[in-house]
Amino acid sequence: MPTLIRRQDDDQFILGDDPFTAVADDEGLPPGDVIISFARFQAEGDRLLAEGRAVGVRLEPAEEVEALAYDLPRIAVVALAFPKYRDGRAYTAARLLRQRFAYAGEVRAVGEVLREQAGFMVRCGFDAFAPADGASPQDWAHAVHRHRHVYQRAADLRTPAYVEREGG
Amino acid sequence: MKALTANRLIDGDVVFWKAGKWVERFGDADLFDDPGAAEAAEGQAKSQPTVVIDPYLIDLMESDGLWAPLSYRERIRALGPTNHPSHGKQAEGGEVIEALLHADGAARSSGRVNLIKRK
Amino acid sequence: MYQYDAVDQEFVADRAREFREQVARRLSGELSEDQFKTLRLMNGLYLQLHAYMLRIAIPYGSLNARQMRRLAHIGRTYDRGYGHFTTRQNLQFHWIKLRDAPDILDQLAEVDMHAIQTSGNCIRNVTSDPYAGATAEELDDPRVWSEAIRQWSSLHPEFSFLPRKFKIAITAAPNDRTAAKVHDIGLMIRRGRDGQLGFEVIVGGGLGRTPYVGPTIAEFLPANRLFSYLEAILRVYNRHGRRDNIYKARIKILVAALGAEEFARQVAEEWAKIGPEGDLPDTELARIRGAFATTVFEALPATSEVFETAKAADPALARFARNNLRPHKKPGYTIVEVSLKTIGDTPGDATSDQMDVIADLAERYGQDDIRVTHEQNLVLPHVRLDDVPEVFAQLQATGLASANVNLISDIIACPGLDYCALANARAIPVAQQIAQTFADPDRAEAIGELKIKISGCINACGHHHVGHIGILGVDKKGEEFYQLTLGGSGAEDAAVGKMLGPALPYDKVAAAIDTLVEVYLRERHEGERFLDTYRRTGVEPFKEAVYADAH
Ligand code: SF4
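Worth saying up front: this structure is predicted, and the values here are computed from it rather than measured.

Concerning the sheet that holds strand β15 (residues 378–384) of chain C
All names here are of chain C.
Part 1: Ordered by their spatial adjacency, five strands build an open sheet running β3-β14-β15-β12-β11, and the pairing between neighbours is antiparallel. At either margin of the open sheet sits one strand with a lone partner, and together these are β3 (62–63) and β11 (325–327).
Part 2: As paired strands, β11 and strand β12 (residues 333–338) are joined by three bridges and run antiparallel to one another. Across the sheet, L325 pairs through a bridge with V336, a residue of β12.

Laid out in structure tokens, this is it:
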């Protein structure tokens, strides 16, 4: 089974199994759990869920996360795409999923996912990573834990500097 | 006539190709009048990504009976900034430097395109 | 100035350590140049024509003597004994070696400095009023807000991969010394009718290929709601700014495409969803305010006899006083502008020795406070009038006493083709020639305020669009040509200059400026600056004269 880097509740990173198959729009559906595009989800999601599968949806940066809001409770994984690692739209999508829609499922980073982004991604609420640079869970943890302090409140619930300073 | 240039990774210095190695002075550079040889050298240079950044060929012109880069930009690279004559390679002086200083009236961007991507 | 606490210090140290690792991975070949480039740019390290260039952040242009000395030391040790102050109040070193860069960042971290976000598609160093805390004009100290923005924007989890770079300016005085209206966001501190503090928010100004004076999207934003509002603006931009074309990726293009009203509506909608959750607590703002070392002013008479006597005896000092001193909020004090535009030198450059002198002066006579202006000069914001003669003497001794602030030889110029890999043409030698043309200080004073700004390419780092006279280097069939624009302003009366006519060759530029000035002197009415005369007469008389000469 393919693997993913997963963030655990204790903020550690491990290599975890990935039971999902990512399926492109022009591919036939394999059995089991799948991640499909939003368009395909709209067309086939109900049926797939009715079959008892776990279904994930892949969102491209231009697709608005708001469109998923209604379906979120039924979606096991939201895979946010980084076609280029410089494309930062998925950070917003992840934050909104976690903070605005209180999405509790898996938020996965796919595409050009490099360890240099790890810290930003975790802060925005990503908890599963398919790195394109061969990074190990150790590399990931190193990058994420590098900064002892953060200045902003974000989706990871780290204590921002302004609270830390109050002794909080 | 062409020469092969790059910036050295470790310090950013402007360097020129000479027989498989990199030298700092334009005056020491290999000059290619055979385009095939020039391209072969460029190919070799590109396989040294931990030594230099972005090697490329530049066109040359005659000046004072010597060779100088055709483009103004490349002459500034080979010399140093015009506002600080004591900075850069021009500080050493000599024949080749004089020839570079006297070259004029040519294309700036010869051989270089998409500059904004390089910064 | 703001005192770092342990949190700030460790943050900067962690970042420096990260960069050291990244450099090692690049040198070992683990990172390709393509991958590394983005990482080095996030720490302000560019590759230019002759070497690497390191851009060091001087947040809102404010530094103390210890920091200035450290910059001098870095210049001496790792560069060629000088540095270049930029139009965004930062400092650039032009002869940096990659192998030294990690050490330099460590050295900076030791004095609470860094190069974070001085490049890349992120929120850049905040520009603010160099007279902050010293001028009577301001409603509040903009540095407090600037520092809060610096912290909020540092490694922002959501906004570090924006469509394009993002620059914020903040001013609290009616005289805008930050070019706020040509920033991605310009914040102007206002006081509401009930006395409450707030911001006028201007979004989508900018220079470059498509210059805009930004529209106001909020007339009065309550000050304590600033951060949620910034988050809303950045979020709308991050989601909807163009990413398909680097020339259309700045927020100004989005604002222009949507229209200011629709953009404002989208921001307001997002802002309502964020709510006060997104704001910085008042306690933290109060802490930041408190972390600015308190400046203690003596009770002094409004005029200083020492100063008046010295001035009467020394016409050079009198000239300096006329042009380089600005009123201070406290009687007996003055703001001293130190011109980095010595005629014949490179605009914005200071040698390490000069930096040391400035540091000494700041320590002895200036409450340990130094500012950098976006017009590439330095400021000692709190000098007693009594001390001005001594300060002036020491500036003279180090070659920094040019009495030309705001005059025609106080020229902004970007590094241009002498250093910059993107340039079309040189900017520095053009500035030098123009300064030489107007070297006569009496003539320069007779001409009065005239802002010349020069960029070596359309990226407009030299702010040429907002120069009273703007000069843009272009490449015409491989030769350096210069496009002149007239009537721009980056101040509170912001405007984008209009093109004068066909571009001129390198050796004709200074003479053309001379002609423009002659036309102005001929046409001007009592009390008019160059800009005022131009605005009254229009371009015609200027155009006629320049192109008549050219034939
Ligand atoms: S305006 Fe152009 S030439 Fe000047 S510094 Fe900016 S990019 Fe370089």
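Moving on from the model shown.
Description of the side chain of B:H87
Part 1: Looking at the secondary structure, you find B:H87 in the loop between α2 (72–79) and α3 (95–102).
Part 2: For B:H87, a relative accessible area of 9% corresponds to the buried category.

A closer look at the sheet that holds strand β2 (residues 14–18) of chain B
In sheet architecture, strand pairing relies on hydrogen bonds along the backbone and comes in two forms, parallel and antiparallel.
Residues and elements named next belong to chain B.
Part 1: Taken together, five strands build an open sheet; the order of strands is β3-β2-β1-β4-β5 and the sheet is antiparallel. Single-partner strands in this sheet number two, and they are β3 (21–23) and β5 (66–69). The mean angle between the axes of side-by-side strands here comes to 45°, regardless of whether they run parallel or antiparallel.
Part 2: Direction of pairing for strand β4 (residues 52–63) relative to β5: antiparallel, over a ladder of four bridges. Residue pairing in the sheet places L60 in a bridge with P69 of β5.
Part 3: Packing against the sheet, α2 makes contact with β1 (2–8), β2, β4 and β5, and its axis sits at approximately 105° to β4.

Re the nonpolar core
Residue and element names in this part refer to chain C.
Part 1: Core analysis: the biggest nonpolar cluster contains 62 residues, and M68, L71, F85, I358, L380 and L395 have the highest contact counts within it.
Part 2: Of the residues forming this core, the biggest block, seven residues, is contributed by helix α12 (residues 352–365).
Part 3: No fewer than three residues from each of domain 1 (6–110) and domain 3 (305–397) sit in this core.
Part 4: Setting aside residues no more than four positions away along its own chain, L380 makes contact with T334, I335, V336, V338, I358, L361, A362, D369, I370 and V391.
Part 5: Ranked by size, the runner-up nonpolar core spans 53 residues in total, among them Y2, V12, V236 and F263.

A closer look at the packing of aromatic side chains
Residues and elements named next belong to chain C.
Part 1: Following the criterion strictly, the structure yields 25 aromatic pairs over all chains and no others.
Part 2: Both rings, one in W152 and one in F227, keep their centres 5.8 Å apart while their planes meet at 65°; by these two values the pair is edge-to-face. Of the two residues, W152 is situated in helix α5 (residues 142–153) and F227 in helix α6 (residues 226–240); the sequence distance between them amounts to 75 residues.
Part 3: On the basis of an interplanar angle of 45° and a centroid distance of 6.2 Å, the ring pair of Y482 and Y506 is categorised as tilted. Placement of the pair is Y482 in strand β19 (residues 479–486) and Y506 in the loop between β21 (504–505) and α16 (509–523), with a sequence separation of 24 residues.

Structural notes on the site of the ligand
Part 1: Neighbouring the ligand are 13 residues; C:C414, C:C420, C:A423, C:C457 and C:C461 lie closest to it.
Part 2: Each of chains B and C places residues next to the ligand.
Part 3: Grouping the amino acids of the shell around the ligand by side-chain chemistry returns eight nonpolar, four polar and one charged.

Re α2(B)
Part 1: For α2(B), the buried fraction is high: eight of the eight residues fall into the buried class.
Part 2: When we look at burial in α2(B), the residues that qualify are B:Y72, B:R73, B:E74, B:R75, B:I76, B:R77, B:A78 and B:L79.
Part 3: In this fold, the buried residues of α2(B) make contact with β1, β2, β4, β5 and α3 of chain B together with β19 of chain C.

What about the interface of chain C and chain B?
By a frequent convention, interface size equals the accessible area lost on bringing the separate parts together.
Part 1: Contact with chain C, which involves 41 residues of that partner, is made by 31 residues of chain B.
Part 2: Carbon and sulfur atoms supply 58% of the area buried between chain C and chain B, which totals about 3,100 Å² over both sides.
Part 3: In terms of surface lost to chain B, no three residues of chain C exceed C:L49, C:H50 and C:L422, which account for 18% of the buried area on that side.
Part 4: Here chain C is connected to chain B by zero salt bridges.

Brief notes about the pattern of salt bridges
Part 1: In total, this model carries 89 salt bridges over all chains according to the counting rule given.
Part 2: In this structure, C:D14 and C:R17 form a salt bridge, with 2.8 Å as the shortest nitrogen-oxygen distance. Note that C:D14 and C:R17 are positioned in helix α1 (residues 6–27) at a spacing of three residues, about one turn of the helix.
Part 3: Among the residues examined, C:R17 registers a relative accessible area of 45% and is labelled partly exposed.
Part 4: Where C:R529 meets C:D532, a salt bridge forms, and the shortest distance between an N and an O atom there is 3.1 Å.
Part 5: Overall, C:R529 belongs to the partly exposed group, its relative accessible area being 23%.
Part 6: Beyond isolated ion pairs, a larger network of salt bridges with shared partners links A:R165, C:D5, C:D8, C:E147, C:R150, C:E284 and C:R287.

A few points about the interface of chain C and chain A
Part 1: Facing 46 residues of chain C, the contacting portion of chain A comprises 32 residues.
Part 2: Buried area between chain C and chain A, summed over both chains or domains, comes out near 3,700 Å², and the portion from carbon and sulfur atoms is 51%.
Part 3: Three residues stand out in chain C for area buried against chain A, namely C:P157, C:F161 and C:R239, and they jointly supply 22% of the buried area on that side.
Part 4: Connecting chain C to chain A are 14 salt bridges.
Part 5: The partner of C:E284 in a salt bridge is A:R165, with the nearest N and O atoms 2.8 Å apart.
Part 6: Going through the elements one at a time, α1, α2 (33–41), α5, α6, α8 (260–274) and α9 (282–291) of chain C are the ones with two or more residues in the side of chain C that touches chain A.

Cut-offs applied
- Residues numbered from 1 in each chain as written.
- Chains lettered and ligands numbered in written order.
- Predicted model: local features only at pLDDT ≥ 70, side-chain atom pairs only at ≥ 80, totals over all residues.
- Heavy atoms only, no water.
- Pairing = 2+ DSSP bridges.
- Helix = DSSP H or I, 4+ residues; strand = E, 2+ residues; numbered from the N terminus.
- Buried < 20%, exposed > 50% of the residue type's maximum accessible area, 1.4 Å probe, protein only.
- Axes fitted to C-alpha atoms, helices over the stretch in contact; angles between N-to-C directions.
- Contact = heavy atoms within 4.5 Å.
- Core = buried A, V, L, I, M, F, W, Y, C linked by side-chain atoms within 4.5 Å.
- Domains from an automatic or database assignment.
- Phe/Tyr/Trp six-rings, centres within 6.5 Å; stacked < 30°, edge-to-face > 60°.
- Near = heavy atom within 4 Å.
- Nonpolar A, V, L, I, M, F, W, Y, C, P; charged D, E, K, R; others polar.
- Buried area = accessible area lost by both parts, 1.4 Å probe.
- Salt bridge = Lys/Arg side-chain N within 4 Å of Asp/Glu carboxyl O.

Limitation: the analysis is restricted to geometry and does not speak to function.
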